[in-house]
Amino acid sequence: MSNTLQQRELAITLWRQTWPMAIGVLALLGFQLVDSAFIARLGTAPLAAQSFTFPLSFLIIGIQVGMGIAIAALISRALGGNEHARAKRLSSLVLLAGGVIIGVICIGLWLFHAPIFRQLGADTTALAYIRIYWGPQLLSAWLGALLYFMYSVFRAHGNTRLPGKMMVLSSVANLVLDPLLIFGVGSWEGWGLPGAAWATCIAFTLGLLITTQKLIRKQWVTRVGIWQEAQRSWRPYMGIAAPAMVSQLMPPLASMLTISVVAGLGDTQVAAWGLASRLETLSLMVILAMTMSLPPWLGRCYGAGDWGQIQQLMRLALKVALAWQLTLGVLLALCAPWLALVLAGTPNVQSELTLVIRFLLPSYAALGICMLVVSAGNALGWPLRAMLLSSARLFVFYLPCLWVGAQLFGWLGLAAGAALGNLLAGLFAWVVLRRILSRPERQAGYSA
């Protein structure tokens, strides 16, 4: 009976930690999908141009997430050890260093954008659209990274409500600004494709102003002893951050290879795949929220050596992920024609998007399991295993299945191959987790 009550309490706590982030992720990713839906009204060429930028945008996000994972782990462990002054110094470090690193990357991606996008398969028309869109989009990526680092500090302190609220606020601001800046108002015709990026810049700036004020008021940052803390913490930080960043960089690299394959099928397929990519991240909102709320909790348990609770948490998280994602995937697959009608601007794109939704969305149940295992690995001191698992998911299962399917059966084969790759990756992650947690000192309380 006591075990049942403990599991119920864990479920309630997990829900309280996750739901604010889930709403925030829903809002944040929802406005990205809205961006694409508005841009689809401009025509297939602007939508395809935006789709070409996704892999590089994901590259920036991957680096910032890897840095955020490391800093959240170190801050949560410092708080678990009652080292509150050190936690403040770590928070300040990630905000300063992260802003500089992401800024340098954005500048490099602007300087070399033309050859990069040509390599991805963008033609002259797409490059013309990308040229006017990529600058403000990179600025929005930098602002978003700063905001994400602040969210990481709040999550490390167990506060998921403020990040969730700020994601919603930023999303609402973007939703209001999108049609105004893309299509204009009155006699002003708007900025077209770049308007979507400028709307995001303004929304993120608003979020930064409010979150910075909250962070200072909490007194979770300091200027005292930052250099000494950097000398002390860079080794353990890089021990977590380097594998985590490599893991997070795998998806954008795979996305670049995928868009190259899709580009060989035509602009219509590129546009449809871009919309499907936005829909993917939106449909994974609960999983993404759990990858944010679960690691700090696991990190504190890890610092206390409480493997029994770690095992119960992972069991609960995997059950939630499987049940939620499979139910949502099947429902969206059944509603695929109507969903494509809302998102896509032309009948051809609608047809191709419908096909890929039906194959991919149900397979995200397995993908969610893999994502949670990778996230837990970073929090529990297995960053190398998490990196290898992330690599295997993409380069052993997903990309080979996708490429073979595309070569044999075109668009249909590509969609089916991607779904098969997700299923194999999820099964592999589950087997890896069972083997890790089956060690005698880690068995208590776990069954899968």
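Residues numbered from 1 in each chain as written. Predicted model: local features only at pLDDT ≥ 70, side-chain atom pairs only at ≥ 80, totals over all residues. Heavy atoms only, no water.

Per an unreviewed UniProt entry, the protein chain goes by the name Putative MATE family efflux protein and belongs to Vreelandella songnenensis. Comment text from UniProt for the protein chain, heading Subcellular location (unreviewed entry), reads "Cell inner membrane". (UniProt positions renumbered as here; feature names shortened; annotations may be inferred.)

Colleague: When you look at the overall build of the protein chain in this model, what are you seeing that I'm missing?
Modeller: Check the secondary structure of the protein chain and you find 14 helices and zero strands. The 448 residues of the protein chain split such that 57% are buried. Of the contacts made within the protein chain by residues no fewer than 6 positions apart, 81% connect residues no fewer than 24 positions apart. Surface exposure of the protein chain reaches about 18,700 Å², of which carbon and sulfur atoms provide 67%. (Helix = DSSP H or I, 4+ residues; strand = E, 2+ residues; numbered from the N terminus. Buried < 20%, exposed > 50% of the residue type's maximum accessible area, 1.4 Å probe, protein only. Contact = heavy atoms within 4.5 Å. Areas by Shrake-Rupley, 256 points an atom, 1.4 Å probe, with all protein chains shown as cover.)

Colleague: Mind showing me how you'd approach empty space enclosed by the protein here?
Modeller: It is the rolling of a water-molecule-sized probe over the atoms that shows where space remains empty. Under the criterion given, the structure shown has three cavities of 30 Å³ or more. By volume, the second largest cavity amounts to about 70 Å³. Around the second largest cavity, the lining residues are Val373, Val374, Gly377, Trp382, Arg385, Ala386, Leu389, Val432, Leu433 and Ile436. Going through the elements one at a time, helix H13 (347-379) and helix H14 (383-437) are the ones with two or more residues in the lining of the second largest cavity. At six residues, the largest contribution of residues to the lining of the second largest cavity is made by H14. Per-class residue counts for the lining of the second largest cavity are eight nonpolar, one polar and one charged. (1 Å grid on protein atoms, 1.4 Å probe; cavity = no way out; pocket = protein on both sides within 12 Å on 5 of 7 lines; lining within 4 Å. Points joined across faces, edges and corners; volume = space filled by probe spheres on them. Nonpolar A, V, L, I, M, F, W, Y, C, P; charged D, E, K, R; others polar.)

Colleague: Would you mind going over a nonpolar patch on the surface with me for this structure?
Modeller: Taken together, the side chains of Leu139, Val172, Val176, Leu180, Val185, Trp188, Trp191 and Trp198 present a nonpolar region at the surface, about 720 Å² in accessible area. Following the sequence through the fold, Leu139 ends up in helix H5 (residues 124-156). (Patch = residues over 30% accessible without salt bridge, like charges linked within 9 Å, V, L, I, M, F, W, Y side chains within 5 Å. Salt bridge = Lys/Arg side-chain N within 4 Å of Asp/Glu carboxyl O.)

Colleague: What should I look at first to understand the nonpolar core in this one?
Modeller: Side chains of a nonpolar character, in soluble globular proteins, are inclined to be buried together. One finds Phe52, Phe117, Trp273 and Leu353 to be the most contacted residues of the largest nonpolar core, which totals 135 residues. Residues from two domains meet in this core; each of domain 1 (18-224) and domain 2 (247-447) gives at least three. Among residues more than four places away in sequence, those in contact with Trp273 are Thr258, Ile259, Val262, Val356, Leu360, Tyr398, Leu402, Trp411, Leu414 and Ala418. (Core = buried A, V, L, I, M, F, W, Y, C linked by side-chain atoms within 4.5 Å. Domains from an automatic or database assignment.)

Colleague: Help me out: how do you make sense of the environment of Ala336 in this one?
Modeller: Position of Ala336 relative to the elements: it lies in helix H12 (residues 336-343). Here the alpha-carbon distance between Ala336 and Arg358, two residues 22 residues apart in the chain, equals 6.4 Å.

Colleague: In this structure, what is going on with the packing of aromatic side chains? I would like to understand it.
Modeller: Following the criterion strictly, the structure yields seven aromatic pairs and no others. Geometrically, the ring pair formed by Phe154 and Trp220 is edge-to-face, given 5.2 Å between the ring centres and 70° between the ring planes. You can see Phe154 sitting in helix H5 and its partner Trp220 sitting in the loop between helix H7 (193-218) and helix H8 (226-263), a full 66 residues away along the chain. Of the residues examined, Phe154 reaches a relative accessible area of 1% and is grouped as buried. With centroids separated by 6.1 Å and ring planes inclined at 80°, the aromatic side chains of Trp273 and Trp411 adopt a geometry described as edge-to-face. In this pair, Trp273 is assigned in helix H9 (residues 267-283) and Trp411 in helix H14, connecting sequence segments 138 residues apart. (Phe/Tyr/Trp six-rings, centres within 6.5 Å; stacked < 30°, edge-to-face > 60°.)

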